[in-house]
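Architecture at a glance
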Amino acid sequence: MLDDFSSLGVHSDFISGLDALGIQKPTPIQKEAIPMLLQDGGDLIAQAQTGTGKTAAFGIPLLTKVDPTSPLIQGLIMAPTRELAKQISKALFRFTKYCQDKTFIEVATGGDKIDLQTQRLSRPTHILVATPGRLMDLIKKGLVLDAVKFLVLDEADEMLSMGFQAELDQIFKLTAKREATWLFSATFQKKLHLLTQHHMSSQAHRLKVDPTQIVNRNIDHYYAICAREEKDTFIINYLNKQASSRGLIFCRTRAGSIRMSEILAEAGFSVAVIHGDLSQRDRDKAMRGFRKERSQFLIATDVAARGIDISGLSFIIQHQLPDAMQYYTHRSGRTGRAGKRGVSITLIEPEERRQIKKLEESLGLNFTLA
Ligand code: ADP
Ligand code: MG
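Residues numbered from 1 in each chain as written. Chains lettered and ligands numbered in written order. Predicted model: local features only at pLDDT ≥ 70, side-chain atom pairs only at ≥ 80, totals over all residues. Heavy atoms only, no water.

Glancing now at a positive patch on the surface. A cluster of basic side chains, namely K90, R94, R281, K285, R288, R291, K292 and R294, defines a positive patch on the protein surface. Among the elements of the structure, helix 4 (82-95) and helix 12 (280-291) are those that each provide at least two residues to the positive patch. Among the elements that take part in the positive patch, helix 12 stands out by supplying four residues, more than any other. Tracing the sequence through the fold places R281 in helix 12. (Patch = residues over 30% accessible without salt bridge, like charges linked within 9 Å, V, L, I, M, F, W, Y side chains within 5 Å. Areas by Shrake-Rupley, 256 points an atom, 1.4 Å probe, with all protein chains shown as cover. Salt bridge = Lys/Arg side-chain N within 4 Å of Asp/Glu carboxyl O. Lys, Arg positive; Asp, Glu negative; His and termini not counted. Charge placed at Lys NZ, Arg CZ, Asp CG, Glu CD. Helix = DSSP H or I, 4+ residues; strand = E, 2+ residues; numbered from the N terminus.)

Below, the structure is given as C-alpha cells:
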C-alpha cells in the first residue's frame, strides 16, 4: 500500500511529470506529507533529511490545490536564497509538464531586474516563489497577496537565521486569509517556535526526525587533520584522484572561496565559484555551468549550503568546520541525495578534534580519519 504516487492520491498528469524526472517511488516524507496535504491541507511543520524530495512533498499538493482558472497568486513559496528559489520554481514547472491546464509559476529574487518581475507578475500567476527581501520590495511596489491560500516556507529556520524575522512576520500578516502554512526543512531551531506560535495553528501537523537521524544516512563522513597551510595541498591531492567525479568545496568566507578557486584553477582544475559578492549574473553563470557539467568542481560559501540540488555530486569538502552545527547537516547534505551515496570530508586543525566528537555525539555520526 501507498507504494506509488497514484495510491497517495496524486493526479496522473503529475505522475507523468514526476516519471519524466525519474521519480517513481515516493520517499518517506512524500508518503506522509502528500496525502495529508491533499486531503486535509491544514498547517504542517515537516522535518525530513536532506535530499529526500521535500520539494515534491509540498510542490505536488500545492500545484494540485491552486485553481488555474483564477488569475490570482494562490500559492506563495519563500526560500532563503536566490538560487534555491529559482531551483524550486523550475522543479514545480517540470512537475506540470503533462498538465492540461497550465499553472503559471513565477520567481522573484534579489539581484534580478525588479521591473521585469513586476511586469511578469501583472500577468496571471498562480504560484510565486520568492526570497523575503525581494518580496518585500515588490509589496512596496504594489504587489497584492490577498488571494494567497497556501504559504510554504522552505528552509524556514534559515530565513530566521538570516535575520528575516520582521519580513516573515509581515508576510504572514499580509497573507492572513490563507488556508494553510507549510514549513519544510531538515533542521528546525528553537527560534522558529515564536513564529509558529504566532502565525500557525496550534493543531498543526508535525513530522519530525530524531536529532541523531537527521543527517542523511547515505553520506560517509571523513575528517582530515591538517595545519591550515596544508589544506590546499590536501584538497589538490584529493581532486587529482577524482577522475570524473564531481564535488562541492565549502569555504567559510567569500575571500576564502575566491582564494580557493584561484588556487584550484591555477592547478589546472575545472572550477566555478559562487559567493555573495558576485553579481547575480555571475552567480547564475556559475550555477548553470556547474549544473551543465561545464565545470567539475564548485567552490562555494554557505550561500550554496541550503537546499541546492545538483545531481550526481559524489563528494563535498569542508575547508573549515562551519560556524553553526546545523550547517554541517546542510553542507554535507549536498551529496548523498535521491538515494545515492556520497562522501563528506571535513578538514580540521589539530586542536579542533573535539569538534568532530561533538558532531558525532549530537548528530549520531561516525567519522573516519581520511
Ligand atoms: P530536499 O528538499 O529534501 O533536500 P529535493 O526536493 O531537492 O530534496 O530532492 C532531491 C532530489 O531527489 C531531486 O533531484 C529530486 O528530483 C529527487 N527526487 C525527489 N523525489 C524522489 C523520489 N521519490 N524518487 C527519486 N528521486 C526523487
Ligand atoms: Mg529542499
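This part takes up the pattern of salt bridges. With the rule as written, the count across this model stands at 20 salt bridges. For the salt bridge of K141 with D115, the shortest nitrogen-to-oxygen distance reads 3.9 Å. One end of the pair, K141, is in the loop between helix 6 (132-140) and strand 5 (150-154); the other, D115, is in helix 5 (residues 114-121), with 26 residues separating them in the sequence. A relative accessible area of 49% places K141 in the partly exposed class. For D115, a relative accessible area of 53% translates into the label exposed. Between D323 and R252 there is a salt bridge, and its shortest N-O distance comes to 3.2 Å. Placement of the pair is D323 in the loop between strand 12 (313-318) and helix 13 (325-332) and R252 in the loop between strand 9 (246-250) and helix 11 (254-266), with a sequence separation of 71 residues. Taking relative accessible area as the criterion, R252 reaches 37% and is therefore assigned partly exposed. Among the charged side chains, a network of salt bridges with common partners joins E155, D157, E158 and R306. (Buried < 20%, exposed > 50% of the residue type's maximum accessible area, 1.4 Å probe, protein only.)

Now for the sheet that holds strand 5. The parallel open sheet is built from seven strands, whose spatial order is 3-4-2-5-6-1-7. Edge strands, defined here as strands with exactly one partner in the open sheet, are strand 3 (105-108) and strand 7 (205-207). For this sheet, the mean angle separating the axes of adjacent strands, direction not counted, is 15 degrees. Helix 8 (residues 165-174) contacts strand 2 (75-78), strand 5 and strand 6 (180-185) of the sheet and is inclined by roughly 160 degrees relative to strand 5. (Pairing = 2+ DSSP bridges. Axes fitted to C-alpha atoms, helices over the stretch in contact; angles between N-to-C directions. Contact = heavy atoms within 4.5 Å.)

We now examine the site of ligand 1. Residues in close proximity to ligand 1 total 16 residues, the closest being K25, G51, K54, T55 and D309. Separating a nitrogen atom of ligand 1 from a backbone N or O atom of K25 is a distance of 2.7 Å. Here an oxygen atom of ligand 1 and a side-chain polar atom of T55 are 2.6 Å apart. Surface burial for ligand 1 is 83%, taken as the share of its 570 Å² of free accessible area covered by protein chains. (Near = heavy atom within 4 Å. Polar contact = N/O pair within 3.5 Å; in protein donor to acceptor, adjacent residues only side chain to side chain.)

Along its sequence, the chain is carved into domain 1 (6-212) and domain 2 (215-369). Taking only C-alpha atoms, the centre of domain 1 and the centre of domain 2 are 27 Å apart. Between domain 1 and domain 2 lies a buried interface of about 1,800 Å² when both sides are counted; carbon and sulfur atoms form 43% of it. For the domain 1 face of the interface with domain 2, the top three residues by lost area are T50, E83 and Q87, together amounting to 32%. In this structure, the connection of domain 1 to domain 2 is made through five salt bridges. K86 is the salt-bridge partner of D284, the closest N and O atoms lying 3.0 Å from each other. Put simply, domain 1 and domain 2 have 15 residue pairs in polar contact (both at pLDDT 80 or more) between them. With five residues, helix 4 is the largest single contributor of residues to the side of domain 1 that touches domain 2. (Domains from an automatic or database assignment. Buried area = accessible area lost by both parts, 1.4 Å probe.)

Residues L44, I77, W182 and F184 are the most contacted members of the largest nonpolar core, which totals 56 residues. Both domain 1 (6-212) and domain 2 (215-369) contribute no fewer than three residues apiece to this core. The residues contacting L44, other than those within four sequence positions of it, are A33, M36, L37, T181, W182, L183, F184, M200, A204, H205, R206 and L207. By size, the runner-up hydrophobic cluster in this structure holds 30 residues, among which are I73, I171, F172 and L192. (Core = buried A, V, L, I, M, F, W, Y, C linked by side-chain atoms within 4.5 Å.)

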